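# Examination of the molecular architecture
So the chains spell out like this:
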Amino acid sequence: MRFRIAFVAVLALLALFAFWVVPRMRVETNLLALLPSTAENRVQLDAVKRFADRSSRELVFVVGTASRERLRATGQAFAESLRASGAFARVDYVVDDRYIAAARADRELRTGLLAARDRELLATGNVATLERNALRAAYTPLGFTRPFGISDDPLGIASAAFAEELPGTGRARLEGDILVVKDDSHAWTIVRAATAGDPYRTETHHVVMSAIDAARTAATRVATDADIAGSGVILHAAAAASKAQSEVAVFGGFDLAAVILLIVLVFRQLRPLVVTLLTIGIATCAAIAMCHFVFGEVHILTLTFGTSLIGVSVDYAMHYFVNRMPSGGSVGADGPGVAHPHDIAPALILGCTTTVAGYLTFLIAPIPGLRQIALFSATGLATACAVVILLYPRSLELLSIGFRKAKLERDRPPRAVPGWIARLADRRLENALPRMAIVALVVVVAGGGAAGLARLEARDDVRSLQRPPPALVAAEQKVRSLLGIGFDTRFVLVTAASPDEVLRRLEALDPVLRDLVAARRIKGALSVSPSLVSLERQRADRALLAREVYAPGAALGRVMERLGFDAAAVAARQSEFAAADGKFLTPAHWLDSPLSAPVRHLWLGALGADHAAVVLLDGNVAPDAVRAAVEAVPGVAYVDQVADISNVLGEYRRIASWLMLVVVTVMLACLLVFYRSGAAVRTAIPAAAGLALTLATLGWMHEPVNLFHVLSLLLVLGLGVDYAIILREGRNQQAVLAVFLSMTTTLISFGLLGFSSVPFVRSIGITVAFGVAYTFLIALAARPRTH
Amino acid sequence: MRAGLLVLMLAAASVAWPAEPVSVANAAQLAKLTRDTARSLSRAQVVRGAFVQQRHLAGLSKPLESDGRFLFARGTGIEWHTEKPFDSQFILTEGGMTQRDEGGETLRISVADQPALTVVSRVFFALFALDFNALSQDFTMSGTDAPGAPWQLALRPRTAALGSVFRQALVTGDATVKSVRLEDANGDVTEIALRDVQYDPKGLTPDERRRF
């Protein structure tokens, strides 16, 4: 009955997985999804997410060649090829007249706009300076720099407002209609693009990366020495995803091969192999399904880490088969050739509980990626354990009948424990070595361990979570240094209850940013303001212009008269201004205009009941001073996710370290209750000494310890505490074999993770691999004499 | 009478335009067109002279006239010193522009802050240096040349961005550049006549260098 219910449950799980989960499954490749959220509130969280979503679509390329004559055509070939691929929603290369055309088309809405300098002159009664400059510009080459002619804009007010709102180009210069930067050997031009598809979907990665490759080839056809460097979040996402995919395949493949080899070598029967592989499959399906239902997606790194499930979940099946093995060699307690299986369900449940508890400690850190890994592993292990306990005896009988009918298996008793394990189990360290040698060994190991521990240091930075490939970092650095614009991940977030309130706050922030530039704390800032102006400021500016410039006999009349315009021309300008009364530049109109393009992504718009905008900082060299200055403005928050994440990692590393001490103490206390003092210490030593030696090894490796190492040690405790208990409680040979197999598969799985390119997966991999190896060796050496 | 006038006009036209404009497609053609100017320019480090500028604006019956002195230094920049109707120095370098009125600095704009300024500064530089490579990036060029008459070079912007500011520029000269005519997109025309143009193979005087 129990078997039937469990069997139906497994079938239901597999059906659910195949027909519901698989068609809907979304593999997340966004590394940001792994990071802890450090936002102070809901709006900030949404704002950071929306801004990240937008900016992760943006790409900047520099296309260079030694031949300046070929530069335009090379960039053109590159841009055209990108455009033709259809992978991009936007490709910008040639600078055309769209900005000036848009400003001319919006002339009516823009008559009330003022540049900061002109506003100051008018507001402080310095209109005479404005007039003087206007007269000079009419006679000197300064007039040539103006997008609006002197007749249309005699005071240069519209021209100044227009010039102020276009962002600078950093080191790049407009040459002809392309932006050009020169270095020692090359001339470079700039191509910008935005991906059409979701930058965190692997399909988008494929089309974007192959489009870039094709564009590279197209550029090389024009200039054979064409050199192209790109920068953009999607390049990181694509590199990380393809790396993770290949790691899943390689690690999973190696793991499976190792498990198969081990089973074939130890059991030499078909049934254990088939049943074990099925168990791994069922456990994996359950784990993926659980993540899908709880998180709505499965992260690619969960799958990378999930390959370790193969090596850990296989333990329960192996315990089951080892238990049914007769002892080998000559000195078996039960005599050779006869199997005396125990009821191992309690032992399996105990082992599973400690391991799952180890994984559940991952949940203490508010890191979504780690939580997904914990849930994935815990679900997989619990499933594997349940399958072994509930399904194995009966299904093995059924399989045995089937296999014999199909002549796949001969009828013969299970193979005995291999001879070398039997010999290992029967030989004891204290018999093999003289007492002095053992003391010397312990002293040397303890001394080495102490020296290693002394070298240990901690480092909690975001690089422990991800480390982009060096080639990508170099390309990004090249783009940055060529463009001369150093926007980084730190930015300023402005939120308010209405769009106009956001603009007012941005305008309040402007003078603060100008002061920071003047004090050389930042090089510059990129903001929606002054391209988009608050209604309040537009009204105030109009009033200022009406009074100081357009009133009869005011600046406009005086300047136009001096230049020789007649009264009708003055009246025409005045009535144009009057006609535009009550017409304002609105966010909706601005967003539709080409003029907003350079900063449109900074306007986040509505987030629930709130509205938000982002201000980017260029060359932020004094983050503390910048934070203090900008946060003095109401509704303004300085966002530094990297520092915040490092703080979170450090805080939880300390919490996890304390937790580890508590767990070790509790474990020791429990053992003291169960066993007499000497035996308790003997049982606790392997796990505790294993942890200490692992930490010492990390010290010797100059591997700075972070949260992930500490959590892995808790996992080692969960995996390794069983070893001593099984060795103490189980029958000698079978116990040694079971623990040996368990350790080997775990070592292989986590050892493979130690080769991962993702730093935190690697940290967990090496820590657990060393941890289980040390724990096993010490447990084996320190095991009590068998009864 | 009418026919006679027409004949006279045609005759005048044929004097003003002795040859069909031909496209200037490379540096050699430009050097050939501008003859002596090109030879003098190739040896000069510095060009000094005086100018009279007339600006014809839409809605103005008489042009805005200014005069002063100019200085072009290869690789350094241009100083455009307006003396009348007021004293104003306009200094253009690779990095940006500075305006000094009556000796005091009134305005400084970096090219990084105002990309449009680059266009103006490039046009000015290229016009004075008659540098084919620089000019051909921004303009298509055609020239008219006949023995005994001044050569004329017409420059039309290649790109929409520049076209929205300049419609065309005409440079006329014989042994030196004589005049530059800039036609704005909005119909304004600026005529600059150059006088006393000297090509100096030596560099800037220390006093001049200080002003940049």
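Residues numbered from 1 in each chain as written. Chains lettered and ligands numbered in written order. Predicted model: local features only at pLDDT ≥ 70, side-chain atom pairs only at ≥ 80, totals over all residues. Heavy atoms only, no water.

## Remarks on the overall build of chain B
Let me state the cut-off plainly: Segments assigned H or I by DSSP are reported as helices when at least four residues long, segments assigned E as strands when at least two residues long, and all are numbered from the N terminus. We call two residues in contact when some of their heavy atoms are within 4.5 Å. Per-residue accessibility takes into account occlusion by the displayed protein chains alone, with areas from the Shrake-Rupley method and a 1.4 Å probe.
Helix and strand content of chain B: 7 helices and 12 strands. Contacts in chain B between residues at least 24 apart in sequence constitute 43% of all its contacts with a sequence separation of at least 6. For chain B, the accessible surface area stands at approximately 10200 Å², while carbon and sulfur atoms represent 56% of it.

## Quick word on the overall build of chain A
This is how the line gets drawn: All radius of gyration figures rest on C-alpha atoms, and the globule criterion is 2.2 Å times the number of residues raised to 0.38. Lys and Arg are tallied as positive, Asp and Glu as negative. Neither His nor the chain termini are counted. To locate a charge, the coordinates of NZ of Lys, CZ of Arg, CG of Asp or CD of Glu are taken.
Of the regular secondary structure elements, chain A holds 30 helices and 13 strands. The C-alpha radius of gyration of chain A comes to 35 Å, more than 25% above the 28 Å expected for a compact globule of 787 residues. Across its three principal directions, the C-alpha atoms of chain A cover 125 × 55 × 55 Å. Look at the contacts in chain A between residues 6 or more apart in sequence, and 81% of them connect residues 24 or more apart. As displayed, chain A offers around 33200 Å² of accessible surface, 62% of which is attributable to carbon and sulfur atoms. Seen as two clouds, the 78 positive and the 67 negative side-chain charges of chain A have centres 10 Å apart.

## Some points on the nonpolar core
Just so we agree on the cut-off: As used in this record, nonpolar core signifies buried Ala, Val, Leu, Ile, Met, Phe, Trp, Tyr and Cys residues forming a set joined through side-chain atoms within 4.5 Å. The rule is simple: take the accessible area with a 1.4 Å probe, protein chains only, and divide by the maximum for that residue type; under 20% is buried, over 50% is exposed, in between is partly exposed.
By size, the foremost hydrophobic cluster in this structure holds 119 residues, and its most contacted members are A:Phe362, A:Leu370, A:Tyr392, A:Leu741, A:Phe750, A:Phe760 and A:Ile764. Sorting elements by how many residues they give to this core places helix H15 (residues 368-405) of chain A first, with 14 residues. In contact with A:Leu370, not counting residues within four places along its chain, are A:Phe362, A:Ala365, A:Phe708, A:Leu711, A:Phe760 and A:Ile764. Counting 44 residues, the second-largest nonpolar core is a separate cluster that includes A:Ala137, B:Ala129, B:Leu130 and B:Tyr199.

## Some points on helix H23 (residues 567-579) of chain A
Residue and element names in this part refer to chain A. Cut-off, in case you're wondering: The span expected for a helix works out to 1.5 Å for each residue beyond the first. The arc under discussion is defined with respect to the helix axis, by the directions toward the C-beta atoms.
Helix length check: H23 (13 residues) gives 18 Å between terminal C-alpha atoms against 18 Å at 1.5 Å per residue, within 8%. Restricting attention to buried positions, one finds in H23 the residues Ala569, Val570, Arg573 and Phe577. The buried residues of H23 occupy an angular sector of 105° when projected down its axis, which confines them to one face. Facing away from the buried side of H23 by more than 90 degrees, the exposed set consists of Ala567 and Ala568. Contact partners of the buried residues in H23: helix H21 (535-550) and helix H22 (555-563).

## Side note on the packing of helix H16 (residues 419-426) of chain A against helix H29 (residues 732-753) of chain A
Residue and element names in this part refer to chain A. Heads up, the rule is: In this description, a line fitted to the C-alpha atoms serves as the axis of each element, helices being fitted only across the stretch in contact, and the angle between N-to-C directions of two axes falls anywhere from 0 to 180 degrees. Should an angle fall under 35 degrees it is called roughly parallel, over 145 degrees roughly antiparallel, and 65 to 115 degrees roughly perpendicular, with every other angle called oblique. Only Asp, Glu, Lys and Arg are considered charged in this grouping, and only Ala, Val, Leu, Ile, Met, Phe, Trp, Tyr, Cys and Pro are considered nonpolar; every other residue, Gly among them, is considered polar.
Look at H16 against H29: their axes get within 9 Å of each other, and the N-to-C directions meet at 110°. Between H16 and H29, the angle falls in the class roughly perpendicular. Side by side, H16 and H29 meet where Trp420, Ile421, Ala422, Leu424, Ala425 and Asp426 of the first sit next to Asn732, Gln733, Val736, Leu737 and Phe740 of the second. Across the contact of H16 with H29, the residue classes tally to 8 nonpolar, 2 polar and 1 charged.

## Regarding the packing of helix H28 (residues 707-729) of chain A against H29(A)
Residue and element names in this part refer to chain A. Test applied: Should the near helix be turned counterclockwise from the far one by less than a right angle, the crossing is left-handed, whereas a clockwise turn marks it as right-handed.
Running from amino to carboxyl end, H28 crosses H29 at an angle of 165°, the nearest separation of the two axes being 9 Å. In terms of orientation, H28 lies roughly antiparallel with respect to H29. Pair H28 / H29 crosses with left-handed handedness. Note on element contacts: H29 touches H28 through Ala735, Val736, Val739, Ser742, Met743, Thr746 and Phe750, opposite Leu715, Leu719, Tyr723, Ile726 and Leu727.

## Regarding the side chain of A:Gln734
Residues and elements named next belong to chain A. Let me state the cut-off plainly: Any pair of nitrogen or oxygen atoms within 3.5 Å is treated as a polar contact; in protein, a donor-acceptor pairing is required on top of that, and neighbouring residues in sequence qualify only through side-chain atoms on both sides.
Structurally, the position occupied by glutamine 734 is in helix H29. Take glutamine 734: its relative accessible area is 5%, and that puts it in the buried class. A polar side-chain atom of glutamine 734 sits 2.9 Å from the main-chain carbonyl oxygen of methionine 325. When sequence neighbours within four positions are dropped, the list of residues in contact with glutamine 734 reads Val322, Met325, Pro326, Ser327 and Val417.

## A look at the environment of A:Pro199
All names here are of chain A. With respect to the helices and strands, the residue proline 199 is situated in the loop between strand E6 (187-195) and helix H9 (202-222). According to the relative accessible area criterion, proline 199 is buried, its value standing at 3%. In this structure, the C-alpha to C-alpha distance between proline 199 and arginine 467, residues 268 residues apart in sequence, is 19 Å. Non-local contacts of proline 199, meaning those with residues more than four positions away in its chain, are made with Ser56, Arg57, Thr204, His205, Ile234 and Ala237.

## Observations concerning the state of the cysteines
Residue and element names in this part refer to chain A. How we decide: Any two cysteine sulfur atoms lying within 2.5 Å of each other are counted as a disulfide.
Within this structure, the stated rule accounts for 0 disulfides over all chains. As a non-bridged cysteine, cysteine 291 has cysteine 285 as the owner of its nearest cysteine sulfur, 13 Å distant. Judged by relative accessible area, cysteine 291 falls into the buried class, the value being 0%. Looking at cysteine 385, it has no disulfide partner, and the nearest cysteine sulfur is the one in cysteine 352, 4.1 Å off. What makes cysteine 385 buried here is its relative accessible area of 4%.

## Points about a nonpolar patch on the surface
Residues and elements named next belong to chain A. Threshold: Any residue with relative accessible area above 30% and no salt bridge may belong to a patch, with like charges joined within 9 Å and the nonpolar Val, Leu, Ile, Met, Phe, Trp and Tyr side chains within 5 Å. Salt bridges are defined by distance alone: a side-chain nitrogen of Lys or Arg within 4 Å of a carboxyl oxygen of Asp or Glu.
Together, Leu16, Trp20, Met290, Phe293, Val294 and Phe295 give the surface a local cluster of nonpolar side chains, amounting to about 530 Å² of exposed area. When residues of the nonpolar patch are traced back to their parent elements, those giving at least two are helix H1 (2-24) and helix H11 (270-295). Sorting elements by how many residues they give to the nonpolar patch places H11 first, with 4 residues. Secondary-structure assignment places valine 294 in helix H11. Assessed through its relative accessible area of 49%, valine 294 is described here as partly exposed.

## Things to note about the packing of aromatic side chains
Residue and element names in this part refer to chain A. We apply this condition: Between the rings of Phe, Tyr and Trp (Trp by its six-membered ring), a pair exists once the centres lie within 6.5 Å; its type follows the angle of the planes, with under 30 degrees stacked, over 60 edge-to-face, and the other angles tilted.
One pass over the full model with this rule turns up 15 aromatic pairs over all chains. Ring geometry for phenylalanine 708 versus phenylalanine 760: centroids 5.0 Å apart, planes at 45°, classification tilted. Of this pair, phenylalanine 708 sits in helix H28 while phenylalanine 760 is found in helix H30 (residues 759-782), placing the two residues 52 residues apart along the sequence. The pair phenylalanine 708 / phenylalanine 760 is uniform in exposure class, with both members buried.

## Quick notes on the pattern of salt bridges
All names here are of chain A. The final tally for this structure, using the stated rule, is 29 salt bridges over all chains. In this structure, glutamate 507 engages arginine 537 in a salt bridge whose closest nitrogen and oxygen atoms are separated by 3.7 Å. On the criterion of sequence distance, the pair formed by glutamate 507 in helix H20 (residues 499-518) and arginine 537 in helix H21 is long-range, its members being 30 residues apart. When its relative accessible area of 7% is taken as the criterion, glutamate 507 is described as buried.

## Observations regarding the sheet that holds strand E1 (residues 22-24) of chain B
All names here are of chain B. The criterion, for reference: Here, a strand pair is defined by DSSP locating no fewer than two bridges between the strands.
Strand order in the open sheet formed by 12 strands is E1-E8-E9-E10-E11-E12-E2-E3-E4-E5-E6-E7, with antiparallel pairing between adjacent strands. Of all strands in the sheet, those with a lone pairing partner are E1 and strand E7 (104-110), marking the two edges. Neighbour-to-neighbour, the strand axes of this sheet turn through a mean angle of 20°, independent of strand direction. Bridge analysis of strand E8 (residues 139-144) against strand E9 (residues 151-157) gives 6 bridges, and the strand direction is antiparallel. Residue serine 142 lies in a different strand from E9, and its bridge partner there is alanine 154. Against the sheet, helix H3 (residues 35-43) makes contact with strand E2 (46-56), E9, strand E11 (177-184) and strand E12 (189-200), and its axis sits at roughly 55° relative to E12, the strand it touches most.

## Notes on the side chain of A:Thr767
Turning to its location among the elements, A:Thr767 is positioned in helix H30. If sequence neighbours within four positions are ignored, A:Thr767 has contacts with A:Thr694, A:Leu698, A:His709, A:Ser712, A:Leu713 and A:Val716.

## Some points on the interface of chain A and chain B
Stated formally: Note: buried area is the sum, over both parts, of the accessible area (probe 1.4 Å) each one loses when the two are combined.
In this complex, chain A contributes 36 residues to the contact, which on the side of chain B involves 45 residues. Taking both sides of the interface into account, the surface hidden between chain A and chain B amounts to around 3500 Å²; carbon and sulfur atoms contribute 60%. A per-residue breakdown of the area chain A buries against chain B is headed by A:Arg136, A:Tyr139 and A:Phe144, which together make up 24% of the total. Our count for the chain A to chain B interface comes out at 6 residue pairs in polar contact (both at pLDDT 80 or more). Broken down by element, the side of chain A that touches chain B gets its largest block of residues, 6 residues, from helix H7 (residues 127-139) of chain A.

## Overview of unusual backbone geometry
Residue and element names in this part refer to chain A. Serine 529 connects to proline 530 through a cis peptide bond whose omega is 10°. Secondary-structure assignment places proline 530 in the loop between strand E10 (524-526) and H21. Its identity as a non-glycine residue notwithstanding, arginine 520 has a phi of 60°, on the positive side. Position of arginine 520 relative to the elements: it lies in the loop between H20 and E10.

## Some details on the confidence of the model for chain A
Going by this rule: pLDDT runs from 0 to 100 and stands for how confident the predictor is about each residue.
Mean pLDDT for chain A: 86, with 95% of residues reaching 70 or above. A low-confidence stretch, residues 330-336 of chain A stays under pLDDT 50, and its non-local contacts, those more than four residues away or across chains, total 9 contacts.

## So, the pairing of strand E13 (residues 636-639) of chain A
Every regular strand shows the same layout, with side chains that alternate between the two sheet faces. Residue and element names in this part refer to chain A. Going residue by residue along E13, you find Val636 and Tyr638 tucked away on one face and Ala637 and Val639 tucked away on the opposite face as well. In the sheet, strand E9 (residues 487-496) pairs with E13 via 4 bridges, with the strands oriented antiparallel. Bridge assignment links valine 492 to a residue of E13, and that residue is tyrosine 638.

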